[in-house]
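# Fold and contact review
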Amino acid sequence: MADRFQITKVNGTTNVGYEGDACPAPTDQPDGAHPAATGNDNHLQPKAANDTGENRRSSRLSFRGFGHFLRKSDAERKFSLAQLTKESLPRLDNYRISMRNLKRPSIGELQGEAADQSITIPEPEPEPTGGHIKLGWIVGVLIPCLLNIWGVMLFLRLSWVVAESGILQSLIIITISAVVCVITTLSLSAISTNGEVKGGGVYFIISRSLGPEFGASVGVVFAFANAVSASMNTIGFCESLNVLLKNNGLKIVDNGINDIRIVGSVTVLVLILICCVGMEWETKAQNFLIVTIVLAIFNFIIGAAIGPNGNEEHISKGFVGFSWSTFKENFGSDYRYAEGVNHDFFSVFAIFFPSVTGIQAGANICGDLKDAGAAIPKGTFWSLLISMTSYALFVLFAGGAAMRDASGNPADLVNGTLIPSQLPCMTNGTCTWGLFNSYEMMQEMSLWGPLIYAGCFAATLSTALTNLLSVPRLVQALGIDQIYPGLIFFSKPYGKHGEPYRGYVLTFIITTGFLLIGELNLIAPLISTFYLASYALINFCTFHAAFVKPLGWRPTFKYYNAWISLFGFAMCVAIMFLINYVAAIITFGIIFALYLVVMYRKPEANWGSTTQAQQYKAALMAVHRLQNVSDHVKNYHPQVLVLSGDPKARPPLVDFGYLLTKNNSLMFVANIIPVRVGYKNRQNLVKDGQKYLDARKIKAFYNVIDGFSLEDGINALTKSTGFGKMSPNIVLVGYKPDWNRCRKEEVESYFSILHNAFSQRMGVALLRLPNGLDFSELSSEVTMPANGMGHMHTANAQGFTNELMPAANAASELLHIDSNLNLAGMDSPNTSYTMPQPPPMPNIQRNSRSYKVNNSEEPAVTYHTKGGSDIPQNLLDAMTIFTRKQPKGTIDVFWLYDDGGLTILLPYIISMRSHWQNCKLRVFAMCHGKDEEQEEKSMASLLTKFRIKYSELIMLKGVSEQPRQDTVQKHKRLIEPFRRGARNEFGITDEELQSMSEKTNRQLRIHELVVKHSSNASLVVMSLPMPRKEAISAPLYMSWLEMLTSDMKCPVALARGNQTPVLTLYS
């Protein structure tokens, strides 16, 4: 095609030519190659045939009509994709949870919507990125896990475990521990590879999977367990140090528990200071410690393999070297009483299990890893394989080369051989050596004893260091998320790396407090239950996510199974109760209490948890099941569509609707705006309205429809609101008090809305207050509590103000829906717009004082005026008529026509509410006039069978009589402006008046009876006349409504069902 050309970037230069040709550089063209273009000249010059266009990019952009663009110089023709289109390419930064990284254009920008509709959100300060050290899988996961696993048990308690449980059961203990850890690692790997894992470790994983309630409670328990574990390992270090000092004749105080407390407190302080120095020093310290532990392990294995070599001192202490007889003797268990406990399999398991609780070490510092998703699975599995292998070797070497009991006296040997049954100390239980009695057997069996001390120091201190490192970061993550207010103080970051120094102080206090106990075997079972609870929740998180299968569950680690994770969860819980059911109950009690705290505080945390996905799926399944359930009158629920417009301007109408649906059924609140306001403005209106409803504790769904006329919008709402069985069946509207002053189109539209609602087989309720429903003169402000949703920064989050303006469109007054938008304001770059309101109620004064609806600590709504005096009391009473406690009175029900029972059901629901329980039902009914007494009995029987509790039943007499003359004259004056004449083609004809005279007289007579009987009622509910378009004109129908509801001091509601029963006689 002659007018198609291409832009191709060659060697950094943008060249243009015909599609399929190459374009020479401008410098290669002869003078005059681009003559001045005339009106008919083609200024696109073909390429030379011999130009091959080297390094041409494969992607080409073809366009039309850029002739003038090609006359620019080469430097001017350099442009990027961003200059050619607003579209963005799929990039990682577009999906990060950071305001400064949201680079993808909105759908509004792509559609070319006005830029002034956007809301400017201040960008947060850039996060410090320079200088932060990121760790790989070896340094960041493998080494910390090994250091955490190779703790105090390795050199101080593993030999004692072999003595108590024997080789077989010791291996079973290790196997069970390994199974728990492997299953948990599978679950941990699946969760940690399902997206980017931030700092916070186990807390972050569980909270983002199951929600803040479980995550926060388990996070606190896990942080506490790590702090106590640091105490336990520090006690192990102090025990081995005491032994070393004792062997050299040294002591600090008593060479016992007081020395442990003194040395332990100093040790914890030093370790905390090392952690405070930063990640680089911690890494260097870990590298030194891991080398020392590995050397000590090989030192023990080599020494045990070589044996005592005839050294009678070693033999007398129980180190006899490998032999089949020793292996057989130590193969079975021999549980004994020790340290105040009659030990069994699970008590020994409880003491040993903390030695394998290091698999989470990598996850605890996942924020410092280069690639947490890949590093955590790889490093954790390798650490498990290495550590469990080393534990099994220790069991085999210790059990096969050492005796359970020995005296340490070479004189007790028989021909250089140790025979335990012939030892004098066995008879009186005074043996001081052997696997049972001495924690120093590792040193005796090693190739070089001092290296075991070094390994023991390294193992205990490394585990304590890892624990002390993770606790402040867990506390910091909890504080940053503002889950528990008490932890916010300790979460403050310091320095360019955000070190939680206050968290280190808290960790020091907790660790030192448990350190003062000084008994390792007392602390270990408590730690076991805490860790098992955490592991149980990790497994349950994976099971829940894999079972629910939300679309966001896409872990890159595939070697997991939902049912294996569930088995791991059950296994952890079972072991907890088998170890110590009291400790297990206490642990779950603490978790439950912390869970309730979060549930009570309701933090505004939305992390896309699987709990949310489960709620969605459960709701979806319930709706689908409900769709297949046939309707039954016993299960009828009034589901109300409230046509209130802006709910802040008409609170009584919204309150009346909620009075019918509270804790029982659905309520929808709708606002129709006849002009298009743009997507963002509409969303802001929806958010503001929903926030107002939530602040008033009104459970409803708010929606705004723009770009429709009022009648079309309401028709669309009645047809499309809700879904399936969760759709409205009642339309609630406000009475139109200015119907006799507004334009004829508004009256017709209001009448059509009522008629169309019945056409959709919906019930209709209409509410009128003595002074009107409109309170738009008052501005309402939603006040957020400081610790609740106060951190939200949505548009208009701090208040809602509706300025008083003259109506720009007649539809604004129809149904009192605030539907006129100030379009001039949309041209402003600040995107402010004002919703015009109808004229205020006559008795409203311009004041400035405020009235607060809710005085609790939760979000509240405050109304205030714009002048300088108090809000009138009668105005407050009218605004809160349906929310305040009502004194003793009556709810008068004029059940005039059988509409299926809705007219009697609605007031019955109101009478059951706590604020209206002092108001008794009085029922008024009409009779045919033949046998009034019998009809009254029939009506009473009907109400009794309906189980409607009422205080009085009154049969209306004289309904068919002629109304009083003053009532007739009042009605004539009302309709006079609407009489059809030569100058008024729209209105009521004489023929219509004549044909409808009987019905008109009946409405006037009912008005007289209502005023007579219910002038002191608290609420009047009566049957709504049927709006038949083909039978009655809109003005005449509105005159009926005016007469029925006028001259009343209380709210009046007109209601009518869709002629299907909502009450039943049967059980």
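Each value, and the rule that gives it
- Residues numbered from 1 in each chain as written.
- Predicted model: local features only at pLDDT ≥ 70, side-chain atom pairs only at ≥ 80, totals over all residues.
- Heavy atoms only, no water.
- Core = buried A, V, L, I, M, F, W, Y, C linked by side-chain atoms within 4.5 Å.
- Buried < 20%, exposed > 50% of the residue type's maximum accessible area, 1.4 Å probe, protein only.
- Helix = DSSP H or I, 4+ residues; strand = E, 2+ residues; numbered from the N terminus.
- Contact = heavy atoms within 4.5 Å.
- 1 Å grid on protein atoms, 1.4 Å probe; cavity = no way out; pocket = protein on both sides within 12 Å on 5 of 7 lines; lining within 4 Å.
- Points joined across faces, edges and corners; volume = space filled by probe spheres on them.
- Pairing = 2+ DSSP bridges.
- Right-handed = clockwise from strand over helix to strand, strands pointing away.
- Patch = residues over 30% accessible without salt bridge, like charges linked within 9 Å, V, L, I, M, F, W, Y side chains within 5 Å.
- Areas by Shrake-Rupley, 256 points an atom, 1.4 Å probe, with all protein chains shown as cover.
- Salt bridge = Lys/Arg side-chain N within 4 Å of Asp/Glu carboxyl O.
- pLDDT = per-residue confidence, 0-100.

## A word on the nonpolar core
Counting residues in each nonpolar core, the largest one holds 151 residues, and the members touching the most others are Leu 154, Phe 155, Phe 300, Tyr 391 and Phe 394. Looking at this core, the element that brings in the most residues is helix H18 (residues 449-480), giving 16 residues. If we ignore the near neighbours within four places in the chain, the residues touching Leu 154 are Ile 293, Ile 297, Tyr 391, Phe 394 and Met 442. Judged by nonpolar contacts, the second largest core, of 58 residues, contains Phe 668, Leu 717, Ile 753 and Trp 1040.

## Topic: empty space enclosed by the protein
Tallied over the full model, the rule gives 3 cavities of 30 Å³ or more. Estimates place the volume of the largest cavity at around 60 Å³. Looking at the lining of the largest cavity, the elements with two or more residues in it are helix H4 (137-149), helix H5 (152-156), helix H8 (212-247) and H18. With 3 residues, H8 is the largest single contributor of residues to the lining of the largest cavity.

## Structural notes on the pairing of strand E18 (residues 1052-1056)
For E18, a buried count of 5 out of 5 residues is recorded, marking the element as mostly surrounded by other parts of the structure. Covered by surrounding structure in E18 are Val 1052, Leu 1054 and Arg 1056 together with Ala 1053 and Ala 1055, the residues of both alternating faces. With 5 bridges joining them, strand E10 (residues 763-768) and E18 adopt antiparallel strand pairing. From the neighbouring strand, Leu 767 faces E18, where its bridge partner is Ala 1053. Handedness of the β-α-β unit built from strand E17 (residues 1019-1023), helix H35 (residues 1034-1045) and E18 comes out right-handed.

## A few points about a nonpolar patch on the surface
Judged by side-chain polarity, Phe 577, Tyr 581, Val 582, Ile 585, Ile 586 and Ile 590 come together as a nonpolar surface patch covering roughly 560 Å² of accessible area. Here the element with the most residues in the nonpolar patch is helix H23 (residues 581-601); it accounts for 5 residues. As for its position among the elements, Val 582 is in helix H23.

## A word on the environment of Leu 902
Tracing the backbone through its elements, the reader meets Leu 902 in helix H30 (residues 902-911). Note: C-alpha distance between Leu 902 and Pro 1061 (159 residues apart in sequence) is 7.9 Å.

## Considering the pattern of salt bridges
On inspection of all chains with the given rule, the structure shows 22 salt bridges. As a salt-bridge pair, Asp 646 and Lys 648 come within 2.9 Å of each other at their nearest N and O atoms. No difference in accessibility class separates Asp 646 from Lys 648, as the two residues are buried. Residue Glu 933 pairs with Lys 937 through a salt bridge whose shortest N-O separation is 3.9 Å. Here Glu 933 pairs with Lys 937, and both are found in helix H31 (residues 932-945), just 4 residues apart, close to one helical turn.

## Here we look at the confidence of the model for the chain
Here the chain shows a mean pLDDT of 77. Residues at 70 or above account for 76%. Taken as a whole, residues 116-131 scores under 50 in pLDDT and shows 25 contacts with residues more than four places along the chain or in a different chain. A low-confidence stretch, residues 786-857 (pLDDT under 50), is modelled with 215 contacts involving residues beyond four sequence positions or located in other chains.

## Quick word on the side chain of Ser 170
Here Ser 170 shows up in helix H6 (residues 158-192). Residue Ser 170 is classed as buried on the basis of its relative accessible area, which comes to 1%. Apart from the residues within four sequence positions on either side, Ser 170 is in contact with Val 161, Val 162, Ser 165 and Val 395.

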